Amino acid sequence: MIAIVAALAATASAQEFRAPIGRQKPVRPIEKPAPVEGAKVEGALPKAFGPGRNPLQMLNPWAPARYGIWVENTAFDPNHPGKWNGIKLFEIIF
């Protein structure tokens, strides 16, 4: 009698586990990080020491136009139009 009760109790509490067939949906969607665009670095030093550049030509007033003009690397005061504020050695643009 005890064996029958024990067998019934074991089958009543037994659970059935099955492996899923095929690909399943994830429980929660996988969050993809936002695409990050590379920051653009500009200024006098990156321009001078970039690939194929000659830093001495930046000091030459008669240098060809491909080396740039002084306005590209000059910081201007926003409160006083036309007045320069300094030289942009490094400028990071997002």
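Since the model is a prediction, treat every value here as computed from it, not as a measurement. Note that residues are indexed from 1 along each chain, following the sequence as it is written. In keeping with the model being predicted, local features are shown solely for residues with a pLDDT of at least 70 and side-chain atom pairs are shown and tallied solely at 80 or more, while totals for entire chains, interfaces and linings include all residues. For side-chain calculations, the full set of non-hydrogen atoms in the structure is used, while hydrogens and water are omitted.

Trainee: I tried to follow the pattern of salt bridges on my own but got confused; where do I start?
Mentor: As a working rule, side chains carrying opposite charge can pair if their charged atoms are close by. The salt bridge criterion pairs a side-chain nitrogen of Lys or Arg with a carboxyl oxygen of Asp or Glu, the two atoms within 4 Å. For the structure shown, the criterion picks out three salt bridges. A salt bridge links E42 to K40, with the nearest nitrogen and oxygen atoms 3.2 Å apart. Between E91 and K88 there is a salt bridge, and its shortest N-O distance comes to 3.6 Å.

Trainee: What is the right way to look at the layout of surface pockets in this model?
Mentor: Over the atoms rolls a probe the size of a water molecule, and in doing so it shows where empty space is left. Here a cavity is any set of points on a 1 Å grid over the protein atoms alone where a 1.4 Å probe fits but cannot get out, and a pocket is any open set with protein on both sides within 12 Å along at least 5 of 7 lines; a residue lines the site when it has an atom within 4 Å of a point. Grid points are joined across faces, edges and corners, and a volume is the space filled by probe spheres set on the points. Counted as a void, the largest pocket has a volume near 390 Å³. Around the largest pocket, the lining is made up of 20 residues, and of these M58, G68, I69, W70 and N73 lie nearest the centre. By residue number, the principal contributor to the lining of the largest pocket is helix α2 (residues 44-48), which donates three residues. Here the residues of the lining of the largest pocket sort into 13 nonpolar, five polar and two charged. Per the convention used, a helix needs a DSSP run of H or I reaching at least four residues, while a strand needs a run of E reaching at least two, with both numbered from the N terminus. Residue classes follow a fixed rule: Ala, Val, Leu, Ile, Met, Phe, Trp, Tyr, Cys and Pro count as nonpolar, while Asp, Glu, Lys and Arg count as charged, and any other residue, Gly among them, counts as polar.

Trainee: Hey, could you run me through the environment of E42 in this one?
Mentor: Structurally, the position occupied by E42 is in strand β1 (residues 40-42). Partly exposed residues are those whose accessible area sits between 20% and 50% of the maximum for their type, while under 20% is buried and over 50% is exposed, using a 1.4 Å probe and protein chains only. A relative accessible area of 28% means that E42 is categorised as partly exposed. Taking C-alpha positions, E42 is 5.9 Å from F90, a pair spaced 48 residues apart along the chain. Other than its neighbours up to four places away in sequence, E42 contacts L89, F90, E91 and I93. Nitrogen and oxygen atoms within 3.5 Å of one another constitute a polar contact, given that in protein one can donate a hydrogen and the other can accept it, and given that sequence-neighbouring residues count only through two side-chain atoms. A polar side-chain atom of E42 sits 3.2 Å from a polar atom in the side chain of K40. Note on contacts: a residue pair qualifies if any of its non-hydrogen atoms lie within 4.5 Å across the two residues.

Trainee: For this particular structure, what's the right way to read the side chain of D77?
Mentor: With respect to the secondary-structure elements, D77 resides in the loop between β2 (74-76) and β3 (84-87). The sign given to each residue is positive for Lys and Arg and negative for Asp and Glu; His and the chain ends receive no count. Look at D77: it is buried, it has no salt bridge, and the nearest opposite charge is K83 at 5.3 Å. Among the polar contacts listed, one links the side chain of D77 to the side chain of H80, at a separation of 2.8 Å. Dropping the residues within four chain positions of it, D77 is found in contact with K83 and N85.

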